[in-house]
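Structural overview for review
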Amino acid sequence: MPGSPSIVTRFCRAGQWTQVEWYIGTIWLTKRYAVGSVHVDWRWYSAGLVPYWAGNFSGSACISIPPSVYTSLEFKPAADVNVIISATC
């Protein structure tokens, strides 16, 4: 449908760090990540000005990824979960 934001899903196993995004870009990128009622720890590593950031959430969260030649966003959920990633926050 024209004008609809793209939605992607990634499966993450409980207690394991899983890469859910890989980003190369010149601007900050913000997306919404939804995990239902599961608690998720997240972190990203970057080759940019901000090399590391971490946090946690349940339900959904908007996470910003920095401009960089390489950034990896990883999730470690408390239970197996399909992460729903959407381009809008």
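Here the structure is shown first, and the text comes after it.
A brief report on the enclosed structure follows. (Residues numbered from 1 in each chain as written. Predicted model: local features only at pLDDT ≥ 70, side-chain atom pairs only at ≥ 80, totals over all residues. Heavy atoms only, no water.)

1. Quick look at the pattern of salt bridges
Evaluation of the coordinates by the stated rule reveals 3 salt bridges. Note that Asp80 is salt-bridged to Arg13, the shortest N-O span being 3.5 Å. Placement of the pair is Asp80 in the loop between β5 (68-77) and β6 (81-86) and Arg13 in the loop between β1 (7-12) and β2 (18-25), with a sequence separation of 67 residues. Exposure remark for Arg13: the relative accessible area of 43% places this residue in the partly exposed category. A salt bridge links Glu74 to Arg43, with the nearest nitrogen and oxygen atoms 2.6 Å apart. Of this pair, Glu74 sits in strand β5 while Arg43 sits in strand β3 (residues 29-46), placing them 31 residues apart in sequence. (Salt bridge = Lys/Arg side-chain N within 4 Å of Asp/Glu carboxyl O. Helix = DSSP H or I, 4+ residues; strand = E, 2+ residues; numbered from the N terminus. Buried < 20%, exposed > 50% of the residue type's maximum accessible area, 1.4 Å probe, protein only.)

2. Some thoughts on the nonpolar core
Inside soluble globular proteins, nonpolar side chains tend to come together where they are buried. With 18 residues, the main nonpolar core has Tyr33, Trp42, Phe57, Ile63, Leu73, Phe75 and Val83 as its most contacted residues. Put simply, the parts of the chain that give this core at least two residues each are β2, β3, β4 (52-65), β5 and β6. No other element matches β3, which puts 6 residues into this core. Beyond its immediate sequence surroundings of up to four residues, Val83 is in contact with Val8, Thr9, Arg10, Cys12, Tyr33, Ala34, Val35 and Phe75. (Core = buried A, V, L, I, M, F, W, Y, C linked by side-chain atoms within 4.5 Å. Contact = heavy atoms within 4.5 Å.)

3. Some remarks on the pairing of β5
Regular strands show a simple pattern: their side chains alternate between the two faces of the sheet. Counting buried positions along β5 yields 7 of 10 residues, so the element is predominantly enclosed. Alignment of β2 against β5, held across 6 bridges, turns out to be antiparallel. Its bridge partner lying in β5, Tyr23 is registered against Thr71. (Pairing = 2+ DSSP bridges.)

4. Concerning a nonpolar patch on the surface
On the surface, Trp22, Ile24, Val69 and Tyr70 cluster together to form a nonpolar patch covering roughly 430 Å² of accessible area. Of all the secondary structure elements, the ones that give two or more residues to the nonpolar patch are β2 and β5. In this structure, Tyr70 sits in strand β5. (Patch = residues over 30% accessible without salt bridge, like charges linked within 9 Å, V, L, I, M, F, W, Y side chains within 5 Å. Areas by Shrake-Rupley, 256 points an atom, 1.4 Å probe, with all protein chains shown as cover.)

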